[in-house]
Amino acid sequence: MSLDFQATKALFDLPEGVIYLNGNSLGPLPKAALAKTQSMMSEQWGKLLITGWNKAGWMQQPIELGNRIGRLIGAAHNHVVVGDTLSIKVYQALAAALELRPDRKVILSDTGNFPSDLYMAEGLIKALAKGHELRIVPPETVKDSINEEVAVTLLTEADYRTGRLHDMSEISERARACGALTVWDLAHTAGATEVDLQKSKADFAVGCTYKYLNAGPGAPGFIYVAPLHANMVQPILSGWLGHAAPFAFEPSYRSGPAIERMRVGTPAVIASATLDAALEIWDQVEIKEVRAKSILLSELFIKCIEKTCPMLTLTSPRKPEARGSQVSFAFEHGYAAMQAMIARGVIGDFRAPNIMRFGFTPLYINENDVLDACEIFSQVMNERLWDRPEYKVKAWVT
Ligand SMILES: *Cc1c(COP(=O)(O)O)cnc(C)c1O
């Protein structure tokens, strides 16, 4: 890789005195994003006005950015497109999969999935009104629950609460053997683990760019459709930019070529500038090395916390290969404890009912940060520093 992690850390704008262990929820600001966004606005939008769609390549950017994300997740060239939000991309992928399996009525998901994915599945079922069923099983039984009834599995590769990983290859293989399709949500694995969509023979994948990929709050989502299906799927959200000839303004929809048909409407060009800046860092690192370092950091954290904080229970898998890039501990007063940590400069987050969650992101977190965070964590726990009324007041976003 052409940048080492000391170099990548310097590319982020992190506040002095903060140890940021929450890049699994919202990545920090890449310094280059400021200049990139500024120049997009003043040089492109400001000066080119509407000609920017052609002259600055705004219209093709969702594919170009998709290809750069594709490198990180093992996608074939021109099979990922950026746009909308992850929830929308879940809806599109799921609908496309169901249409490829018209005789089957079951969407299989698990209790570890992120609620928005399940909500989108519920909404789709209602909209289709064809009697589909959302079947939700415990994560451990997913593989054995795949049978000939299942049209598609809808799974998030890494559990958002615990970081538990599904075995993408194994589940995809079982699905294929049963004639079912797979939709993989990479929200917590793109930019965190070595995803290889082609090798794992995933059918569809979706993700967001504001977590590990560091593109900023509200940055667009992405979708992957395997080459095998790319020209078969019929988009449920048939917006004009997924049309074969958007500027022919035909009265009726004809889908565009391959992944282009998963586009919906006008791309978020300002957010694409921040994504572009974030990917400039990713373009220069190897995900394999990121993964190896993140395992090293999370192992260091677990070892240190378990030695100093007996009141905490590890809820993440103990084996690093079974875990994404985050570590979670259960603690009855986890919300207050996390607030006490944040007040002391260590930022993680809290997930109901009792999970304290920490993300390990080698691009800007090193061993010293982990040891410092551990020291503050054990102080908060052992001196009961969390036990103050102001730490127990719940904010809207936890
Ligand atoms: C973060 C996350 C989402 C959020 O979706 P948005 O539409 O981007 O708000 C959805 N699914 C999973 C699994 C997530 O982790």
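Cut-offs applied
Residues numbered from 1 in each chain as written. Predicted model: local features only at pLDDT ≥ 70, side-chain atom pairs only at ≥ 80, totals over all residues. Heavy atoms only, no water. Phe/Tyr/Trp six-rings, centres within 6.5 Å; stacked < 30°, edge-to-face > 60°. Helix = DSSP H or I, 4+ residues; strand = E, 2+ residues; numbered from the N terminus. Buried < 20%, exposed > 50% of the residue type's maximum accessible area, 1.4 Å probe, protein only. Disulfide = S-S within 2.5 Å. Core = buried A, V, L, I, M, F, W, Y, C linked by side-chain atoms within 4.5 Å. Domains from an automatic or database assignment. Contact = heavy atoms within 4.5 Å. Buried area = accessible area lost by both parts, 1.4 Å probe. Axes fitted to C-alpha atoms, helices over the stretch in contact; angles between N-to-C directions. Parallel < 35°, antiparallel > 145°, perpendicular 65-115°, else oblique. Left-handed = near helix turned anticlockwise from the far one by under 90°. Nonpolar A, V, L, I, M, F, W, Y, C, P; charged D, E, K, R; others polar. Pairing = 2+ DSSP bridges. Polar contact = N/O pair within 3.5 Å; in protein donor to acceptor, adjacent residues only side chain to side chain.

### A short note on the packing of aromatic side chains
In total, this model carries 15 aromatic pairs according to the counting rule given. Residues Phe 329 and Phe 377 carry aromatic rings whose centres are separated by 6.4 Å and whose planes lie at 75° to one another, so their mutual orientation is edge-to-face. Placement of the pair is Phe 329 in strand 12 (residues 326-330) and Phe 377 in helix 13 (residues 367-382), with a sequence separation of 48 residues. We note that Phe 329, like Phe 377, is buried. Take Phe 377: its relative accessible area is 0%, and that puts it in the buried class.

### A word on the state of the cysteines
Counted by the stated rule, this structure contains 1 disulfide. Free of any disulfide, Cys 309 has its nearest cysteine sulfur in Cys 374, 6.4 Å distant. Judged by its relative accessible area of 2%, Cys 309 falls in the buried class.

### Looking at the nonpolar core
With 78 residues, the main nonpolar core has Ile 73, Leu 186, Leu 197, Phe 301, Phe 358 and Phe 377 as its most contacted residues. Shared between two domains, this core takes at least three residues from each, and those domains are domain 1 (5-30 + 286-391) and domain 2 (57-282). Once you skip the residues sitting within four places of it in the chain, Phe 377 turns out to touch Phe 301, Ile 305, Cys 309, Leu 312, Phe 329, Met 341, Met 356 and Phe 358. Of all hydrophobic cores here, the second largest spans 34 residues; its members include Ala 121, Val 183, Ile 223 and Met 262.

### Some details on the domain arrangement of the protein
Partitioning the protein into domains gives domain 1 (5-30 + 286-391) and domain 2 (57-282). Here the C-alpha centroids of domain 1 and domain 2 sit 29 Å apart. Contacts between the two partners involve 33 residues from domain 1, matched on the other side by 23 residues from domain 2. A combined buried area of about 2200 Å² lies between domain 1 and domain 2, and 62% of that area is made up of carbon and sulfur atoms.

### Brief notes about the packing of helix 12 (residues 334-343) against helix 13
The geometry of helix 12 relative to helix 13 is characterised by a closest axis approach of 10 Å and an angle of 130° between their N-to-C directions. Judged by the inter-axis angle, helix 12 sits oblique to helix 13. As for the relative orientation of helix 12 and helix 13, their crossing is right-handed in sense. Packed against helix 12, whose contacting residues are Ala 337, Ala 340 and Met 341, the element helix 13 presents Ile 376, Phe 377, Val 380 and Met 381 at the interface. Tallied by class, residues from the contact of helix 12 with helix 13 come to 7 nonpolar, no polar and no charged.

### Some thoughts on the sheet that holds strand 8 (residues 181-185)
Judged by pairing direction, the sheet is mixed, and its 7 strands sit side by side in the order 4-10-9-8-7-5-6 without closing on themselves. Edge positions in the open sheet fall to strand 4 (80-83) and strand 6 (133-137), since each of these has one partner strand only. For this sheet, the mean inter-axis angle between neighbouring strands, taken without regard to orientation, is 20°. Summarising the sheet, strand 8 and strand 9 (residues 204-208) pair through 3 bridges and their orientation is parallel. What sits directly across from Asp 185, in strand 9, is Val 206.

### Structural notes on the side chain of His 243
Among the structural elements, His 243 can be located in the loop between helix 9 (227-230) and helix 10 (269-282). A distance of 3.0 Å separates a polar atom in the side chain of His 243 from the backbone oxygen of Ser 252. Setting aside chain neighbours within four positions, we find His 243 in contact with Glu 250, Ser 252, Tyr 253, Arg 254, Ser 255 and Gly 256.

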